[in-house]
Amino acid sequence: MEMRVKHLEKVGEVAKAVVLAKACAECHLVSNQTTFRQTYVSLLCQLLPGEEAIMEISRLDCKDVLDITCNLETEGEDNTAFILCTTFLTQQLQQQSLYCSWELTLLWSKLQRRIDPSLESLLERCLQLGAIAKTVYHLLFLVRVIRTERRIYRLTMHVPQELGKIMDTDTFEKSRLYQLDKSNFSFWSGLYSETEGTLILLLGGIPFVWKVAGTVTARFGLGPEYEILQSLSFLILATLFSAFTGLPWSIYNTFVIEEKHGFNQQTLGFFLKDAVKKFIVTQCILLPVTSLLLYIIKIGGEFFFIYAWLFTLGVSLVLVTIYADYIAPLFDKFTPLPEGELKEEIESMSKSISFPLTKVYVVEGSKRSSHSNAYFYGFFKNKRIVLFDTLLEDYSPLNKDGEPETDTPTEDKSKLKNKKQGCNNPEVLAVLGHELGHWKLGHTVKNIVISQMNSFLCFFLFAVLIGQKELFMAFGFYNSQPTLIGLMIIFQFIFSPYNEVLSFCLTVLSRRFEFQADSFARGMGRASELYSALIKLNKDNLGFPVADWLFSMWHYSHPPLLERLRALGSTKQD
């Protein structure tokens, strides 16, 4: 019978194999019932995420699941063991069962770490499980797992052999600690965000704020018929709430984490002034655009979704055009790159690939952070390149502080060592060769086309769903169907699963584009310079070069450092 079960599995008749294995596991005449029971459960895992398979697994006893999972792990079936453990743990969380829950959670974390060793992945999965947990005990179990995993990462002190030639022990240690702090912050801020969003939905926060917005407009003698004005009041109140609840997290990230690792260059006064300025600029753009969009939807008739899409397309193109010239200078100082060798070489390189360059700017990014970047913008024959001063070895103010004195405290020396050194001119040209590769290969245009196709699809589906009263009633709107609330419900909540899938697809596409842009720079004869520039920038930004392939594929829009260096070829840098 055991051979028969294996044969059915081999020929793809898994459902039949499940039935036969279950019958053998329950038959008292069969001597090796335990083996058939394990086979039965393993086969069920192959039928996931089928509802029937999930229900069958949820009926198992937790101790049996633990035994079978351990047996599968011993036999080298880590993936099957992890699937079984995750499925049963998920059911436990939903059913609020505490039976053997800690043992199961601990075993799950062990398998998770073996399959995907990155701490970020563990934090992400714990956050997902925490979102469906219905008891405080389960949440505490997950927090305990995270603390255990963090302890393991704290003990990882040595540079992996593959990184020995491109990263020293000191930089690796700083990168590791920076990554740990960011991961910890990401988990707690994400947990708070999920909790806040859930409470807003459960306690009727959205209809409450809409009612308050109506009260505000009523004070000016405006009734419910002035829906657009009430929508604008709602937006102001909602964004104010979001700004105030997010401010403590932003302050902690900037003045604790970024400050601790030597990146923050802002004072608290500058930070708060910047935050107020961002809020005002956002309102100046958001309110008129929203009011016009709502008006178009109101008067657009049957095909309003086409007009709404065309309007948002026009707005996005205008914003892209004016951002660097009129919006970005409100926050950062832009100055033309001085005449000299670097500017001449940039212009020469642009001319060699027919890039219509008109101006090259240096932005004073060092006054807020020591992270670096470079980008280009503009349409048609009016292209401009922007370089962060922290990217340029010869222009970065962070390189003008000099070496620390001999009596400088050790902590301050460490902080100074974290400062940017930037890239030399050939490396800057290699980075720009990568960026210009995006233009030459049409990546920017492709992204715009994909974005607008998605926007049109979303507006079309919005037109289909907006008439469903049940959607509004589910969110507490029983007597009215405001257009802005419909946009929020459909785009933010109904489209949420679709947005996750789309985000993953765009991440995969972005990584492909990055490899292609690297290849373009290599084709320009700048592989060696790009190789060294990537290493320098990774060190300057304390990027942690080790990443699990599955986690990075889902989350990283740019490939990890080692993948990019391998793709650049056999170029070596000591």
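It should be noted that the structure appears before, not after, this text.
Reading guide: rules and limits
Residues numbered from 1 in each chain as written. Predicted model: local features only at pLDDT ≥ 70, side-chain atom pairs only at ≥ 80, totals over all residues. Heavy atoms only, no water. Helix = DSSP H or I, 4+ residues; strand = E, 2+ residues; numbered from the N terminus. Polar contact = N/O pair within 3.5 Å; in protein donor to acceptor, adjacent residues only side chain to side chain. Contact = heavy atoms within 4.5 Å. Pairing = 2+ DSSP bridges. Axes fitted to C-alpha atoms, helices over the stretch in contact; angles between N-to-C directions. Phe/Tyr/Trp six-rings, centres within 6.5 Å; stacked < 30°, edge-to-face > 60°. Buried < 20%, exposed > 50% of the residue type's maximum accessible area, 1.4 Å probe, protein only. Lys, Arg positive; Asp, Glu negative; His and termini not counted. Salt bridge = Lys/Arg side-chain N within 4 Å of Asp/Glu carboxyl O.

Enquirer: Before we move on, could you go through the side chain of His 443 and cite the residues and values that matter?
Expert: Structurally, His 443 is set in helix H18 (residues 443–465). A polar contact of 2.8 Å, which involves the side chain of His 443, links it to the side chain of Gln 516. Excluding its chain neighbours within four sequence positions, the residues that come into contact with His 443 are His 438, Phe 513, Gln 516 and Ala 517.

Enquirer: Provide a residue-level description of the sheet that holds strand E3 (residues 374–377), including the pertinent values.
Expert: An order of E1-E2-E4-E3 is seen for the four strands of this open sheet, with the pairing classed as mixed. The sheet is open, and its two edges are formed by strand E1 (334–336) and E3, each paired on a single side. Going from strand to strand, the sheet's axes swing by 30° on average, the running direction of each strand aside. Note: strand E2 (residues 357–363) against strand E4 (residues 383–388), six bridges, orientation parallel. The residue of E4 that forms the bridge with Lys 359 is Arg 384. The sheet strands contacting helix H17 (residues 425–440) are E3 and E4, and the helix crosses E4 at an angle near 140°.

Enquirer: So, the environment of Phe 380: which residues are in play, and what are the values?
Expert: Residue position: Phe 380 is located in the loop between E3 and E4. The spacing of Phe 380 and Phe 355 is 25 residues in sequence and 9.8 Å in space, taken between C-alpha atoms.

Enquirer: Tell me what's going on with the packing of aromatic side chains, and back it up with residues and numbers.
Expert: Per the stated rule, a full pass over the model turns up 20 aromatic pairs. Where Tyr 178 meets Phe 263, the ring centres are 5.1 Å apart and the plane angle is 40°; that geometry is what we call tilted. One end of the pair, Tyr 178, is in helix H10 (residues 169–202); the other, Phe 263, is in the loop between helix H12 (227–260) and helix H13 (268–299), and 85 residues separate them in sequence. The pair Tyr 178 / Phe 263 is uniform in exposure class, with both members buried. Taken together, the ring pairs connect Phe 303, Phe 304, Phe 305, Trp 309, Phe 456, Phe 459, Phe 460, Phe 462, Phe 491, Phe 495 and Tyr 498 into an aromatic cluster.

Enquirer: Summarise the side chain of Glu 514; cite the residues concerned and give the values.
Expert: Mapped onto the elements, Glu 514 comes out in helix H21 (residues 496–523). Buried within the structure, Glu 514 lacks any salt-bridge partner; Arg 564 is the closest side chain of opposite charge, at an N-O distance of 4.1 Å. Engagement of the side chain of Glu 514 in a polar contact is seen with the side chain of His 558, the distance being 3.4 Å. Those residues in contact with Glu 514 that lie beyond four places of it in its chain are His 434, His 438, Ser 557, His 558, Pro 559 and Arg 564.

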